[in-house]
Amino acid sequence: MSELGQYIFNGLMLGVIYAMVAVGFTLFFGVLDVIQFSHGDVLMVGAFGGLAASTGVLKLGIGSDAVQLAAVIVAALCVTGLLGALIARFLVLPLRKAPPLNTLLATLMLGTVLREAVRLFYPDGSNPKPFPALLPNATLHLGGLTLRVDNLIILFAGIAVIAGLHVLITRTRLGMAIRAVAQDGETARLMGINFDAVVLLTFALGSGMAALAGVMNGLYYNEINFNIGLLLGVIGFASAILGGLGNLYGAVLGGFLFAGLQVLGSAALPALIPDIPSAYRDVFAFAVVIILMAWKPTGLIAEKSSERV
């Protein structure tokens, strides 16, 4: 039972990170019906921005973990929020009336530019970088289950961020404007909503979620590299599709479900086929997602849509 509990906890840890990435894809698609394929690389830029902020704080002679953590979060949010708004303003909005494949290709190429820029221009960017351990490293023992305090903090922080986003979308004027633009952009304009401003804020918000996911991923694994956005971006997109692209709750469900499939693969595959290592968990998870998508193409929670007349 303790081993089962450990697997469940690991699945929740990964799920909250994947859900935060998937939510970004859902926000972008919900507002402009576009797939922002550089989203994973924006996450990577945020993680490196946070790492640079931590290094800067240390060079100032400030050794407090709390100050470093605050600097990491603020820097990651500022860098990715600005980057997301710039992507929307100068890339996505100008291509709004172009075929969807144009936007997809442009953002895909932008991801490569961001990735290679970090690899080439960040000091020793080609190699994995150690991410500072800024959270308490104590452990809790619950029966036979051993939980790290830093992982618990990351888990509950991620859940709080997702809950906060839910409140923002459903309870605030900005959230109402985002939902109005997502439902009918032209009517929202006629009602006096600043369409471009809402789009910029939405992209900044989604990119900020990615930044927090990148920081959490760095704190969890204590390491980042210029390629982390590739896998996390694909997993986040797959989670959004699995849950139902355009549905906030579906994105969260898809993130946790994908993490559950990974954990199940890492536990079940070596037991069933001893020669297969647990590293094949991604293959197992993606294979199951393909089957689920073929069974339910609209996602587990299909986005509600209405036909304009």
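Residues numbered from 1 in each chain as written. Predicted model: local features only at pLDDT ≥ 70, side-chain atom pairs only at ≥ 80, totals over all residues. Heavy atoms only, no water.

Visitor: Sorry if this is basic, but what is going on with the overall build of the protein here?
Guide: Each helix and strand in the protein was counted, giving 11 helices and 4 strands. Relative to its length of 309 residues, the protein is compact, with a C-alpha radius of gyration of 20 Å against a globular reference of 19 Å. Counting only C-alpha atoms, the protein reaches 60 × 55 × 35 Å along its principal axes. Here the protein, with 309 residues, has 47% of them falling under the buried criterion. Nonlocal contacts in the protein, meaning residues at least 24 apart in sequence, comprise 75% of its contacts between residues at least 6 apart. Roughly 15100 Å² of accessible area belongs to the protein as shown, and the carbon and sulfur atoms make up 68% of that amount. The protein carries 16 positive and 15 negative side-chain charges, and their two centres are separated by 9 Å. (Helix = DSSP H or I, 4+ residues; strand = E, 2+ residues; numbered from the N terminus. Rg over C-alpha atoms; globule rule 2.2 N^0.38 Å. Buried < 20%, exposed > 50% of the residue type's maximum accessible area, 1.4 Å probe, protein only. Contact = heavy atoms within 4.5 Å. Areas by Shrake-Rupley, 256 points an atom, 1.4 Å probe, with all protein chains shown as cover. Lys, Arg positive; Asp, Glu negative; His and termini not counted. Charge placed at Lys NZ, Arg CZ, Asp CG, Glu CD.)

Visitor: How should the nonpolar core be read in this particular structure?
Guide: Within soluble globular proteins, side chains that are nonpolar generally end up buried alongside one another. Within the largest apolar cluster, 83 residues are counted, with the highest numbers of intra-cluster contacts made by Tyr-18, Val-23, Leu-32, Val-199, Phe-203 and Leu-219. It is helix α1 (residues 2-32) that provides the largest number of residues to this core, a total of 16 residues. Apart from the residues lying within four places of it in its own chain, the contact partners of Val-23 are Leu-165, Met-209, Leu-248, Ala-251 and Val-252. (Core = buried A, V, L, I, M, F, W, Y, C linked by side-chain atoms within 4.5 Å.)

Visitor: Got a minute to help me understand the packing of aromatic side chains in this structure?
Guide: For the structure shown, the criterion picks out 7 aromatic pairs. An angle of 75 degrees between the planes, with centres 4.9 Å apart, marks the rings of Phe-48 and Tyr-122 as edge-to-face. With Phe-48 in helix α2 (residues 39-59) and Tyr-122 in the loop between α4 (100-121) and β1 (129-130), the pair connects residues that are 74 residues apart, well separated along the chain. Ring centres of Phe-258 and Phe-286 lie 5.0 Å apart, and the angle between their planes is 65 degrees; on these two criteria the pair is classed as edge-to-face. Of this pair, Phe-258 sits in helix α10 (residues 248-272) while Phe-286 sits in helix α11 (residues 281-295), and the two are 28 residues apart along the sequence. Accessibility expressed as a relative area gives 0% for Phe-258, which makes it buried. These aromatic residues form a ring-pair network of at least three members: Tyr-18, Phe-258 and Phe-286. (Phe/Tyr/Trp six-rings, centres within 6.5 Å; stacked < 30°, edge-to-face > 60°.)

Visitor: What should I look at first to understand the layout of surface pockets in this one?
Guide: Unoccupied space between atoms shows up once a probe the size of one water molecule is rolled over them. Quantified by volume, the second largest pocket comes out at close to 270 Å³. What lines the second largest pocket is a set of 16 residues, and nearest its centre among them are Asn-217, Tyr-221, Ile-228, Leu-231 and Leu-232. With 4 residues, the single largest contributor to the lining of the second largest pocket is helix α9 (residues 228-243). A per-class count over the lining of the second largest pocket returns 9 nonpolar, 4 polar and 3 charged. (1 Å grid on protein atoms, 1.4 Å probe; cavity = no way out; pocket = protein on both sides within 12 Å on 5 of 7 lines; lining within 4 Å. Points joined across faces, edges and corners; volume = space filled by probe spheres on them. Nonpolar A, V, L, I, M, F, W, Y, C, P; charged D, E, K, R; others polar.)

Visitor: Just checking my understanding: could you explain helix α8 (residues 195-221) for this structure?
Guide: Each α-helix turn comprises 3.6 residues. Residues three or four places apart therefore point the same way. Helix length check: α8 (27 residues) gives 39 Å between terminal C-alpha atoms against 39 Å at 1.5 Å per residue, within 8%. Judged by how many residues are buried, α8 sits mostly within the fold: 20 of 27 residues are covered. Just beyond α8, the residue with positive phi is Asn-222, at close to 60 degrees. (Expected span 1.5 Å × (residues − 1).)

Functional significance is not addressed by these values, which are geometric in nature.
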